[in-house]
Structure formats: C-alpha cells, structure tokens
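Report on the structure
Take a look at the letters that make up each chain.
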Amino acid sequence: MNFRPLHDRVLVRRVTAEEKTAGGIIIPDTAKEKPQEGEVISVGSGTLNDKGELRALDVKAGDRILFGKWSGTEVKLNGEELLIMKESDIMGILA
C-alpha cells in the first residue's frame, strides 16, 4: 500500500529503542520509553501562505528528526508501526 501524507503532515518511522544501558543493564520491554527520534519516510505537499502560494515543508524524506513525546498518531501500514504528525510537532533535524 502506498501512502502520501497531505498538506503539512509527515510520515515518520521511530528509531529502535536501546536494549541496554551504557552500564550494560538490559532494559525489559515494559520499562522502555518510546524513542523521540525518527526518520522521515514521506512528507505532504505543504501549506498555503497568506498570498495563496504553496509553502514547501522544511523536512524531507530521509531526514532524522526529534519530536515531542506525545507527538503524532500511531498507524500501522504494511505491518510496520509508523507515526503521522504535523510539521509543527517536529522540534528539529539531526545533522
């Protein structure tokens, strides 16, 4: 199934959570926090500004981003859990 976000929406894949701490302690699944870092899979076309012109989004497919803890809506596409969020929920792009 192909999916293309609309307007200022972004489709994001979370990075995998760490299995161990820096000290070597294994973290059980029940104690793991969901990572707030992800990779942009696809982006919408953008939003209209006051003049009616289309403003493209600042993020693009392939960017690694940071987002808020409660940002986005979880969806399951092709058996993979992904997030759909607005561009305004993204805090920054990792270089």
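Right above here is the structure, for reference.
Below or above, wherever it landed, is the structure these notes cover. Remember, predicted model here, so these are calculated numbers, not experimental data.

1. Some details on the nonpolar core
Val 10, Val 12, Val 40, Leu 57, Val 59, Ile 65, Phe 67, Leu 83, Met 85 and Ile 90 together form the largest nonpolar core, which totals 10 residues. When contributions to this core are tallied by element, the ones reaching two or more residues are strand S1 (9-14), strand S5 (64-67) and strand S7 (80-86). Here Val 59 is in contact with Val 10, Val 40, Val 43, Ile 65, Glu 87, Ile 90 and Ile 93, once residues within four sequence places are set aside.

2. Remarks on the side chain of Ser 42
Relative to the helices and strands, Ser 42 is located in strand S2 (residues 37-43). Using a relative accessible area of 16% as the deciding quantity, one classes Ser 42 as buried. For Ser 42, the residues in contact, after removing those within four places along its chain, are Phe 3, Pro 5, Val 10 and Leu 11.

3. Concerning the environment of Ile 93
For Ile 93, the location among the structural elements is in strand S8 (residues 90-94). Residue classification places Ile 93 among the partly exposed residues on the basis of a relative accessible area of 45%. Once the C-alpha coordinates of Ile 93 and Val 59 are considered, the two residues, 34 residues apart in sequence, prove to be 7.6 Å apart. Apart from residues no more than four positions distant in its own chain, Ile 93 is found in contact with Asp 58, Val 59, Asp 63, Arg 64 and Ile 65.

4. Re the pattern of salt bridges
In total, this model carries seven salt bridges according to the counting rule given. Between Glu 74 and Arg 14 there is a salt bridge, with its nearest N and O atoms 3.7 Å apart. Separated by 60 residues along the polypeptide, Glu 74 in strand S6 (residues 73-77) and Arg 14 in strand S1 bring together distant segments of the chain. Across the pair Asp 63 and Lys 60 runs a salt bridge, and its minimum N-O distance is 3.2 Å. Residue Asp 63 is classed as buried on the basis of its relative accessible area, which comes to 10%. One continuous salt-bridge network, built from bridges that share partners, spans Arg 13, Glu 39 and Glu 80.

5. Some remarks on the side chain of Glu 87
Turning to its location among the elements, Glu 87 is positioned in the loop between S7 and S8. At 2.6 Å, the side chain of Glu 87 forms a polar contact with the backbone nitrogen of Asp 58. Apart from residues no more than four positions distant in its own chain, Glu 87 is found in contact with Asp 8, Val 10, Arg 55, Leu 57, Asp 58 and Val 59.

6. Here we look at a nonpolar patch on the surface
A surface patch of nonpolar side chains, amounting to about 270 Å² of accessible area, comprises Leu 66, Met 91 and Leu 94. Locating Leu 66 in the fold gives a position in strand S5. We classify Leu 66 as partly exposed; its relative accessible area is 35%.

The rules behind the values
Residues numbered from 1 in each chain as written. Predicted model: local features only at pLDDT ≥ 70, side-chain atom pairs only at ≥ 80, totals over all residues. Heavy atoms only, no water. Core = buried A, V, L, I, M, F, W, Y, C linked by side-chain atoms within 4.5 Å. Buried < 20%, exposed > 50% of the residue type's maximum accessible area, 1.4 Å probe, protein only. Helix = DSSP H or I, 4+ residues; strand = E, 2+ residues; numbered from the N terminus. Contact = heavy atoms within 4.5 Å. Salt bridge = Lys/Arg side-chain N within 4 Å of Asp/Glu carboxyl O. Polar contact = N/O pair within 3.5 Å; in protein donor to acceptor, adjacent residues only side chain to side chain. Patch = residues over 30% accessible without salt bridge, like charges linked within 9 Å, V, L, I, M, F, W, Y side chains within 5 Å. Areas by Shrake-Rupley, 256 points an atom, 1.4 Å probe, with all protein chains shown as cover.

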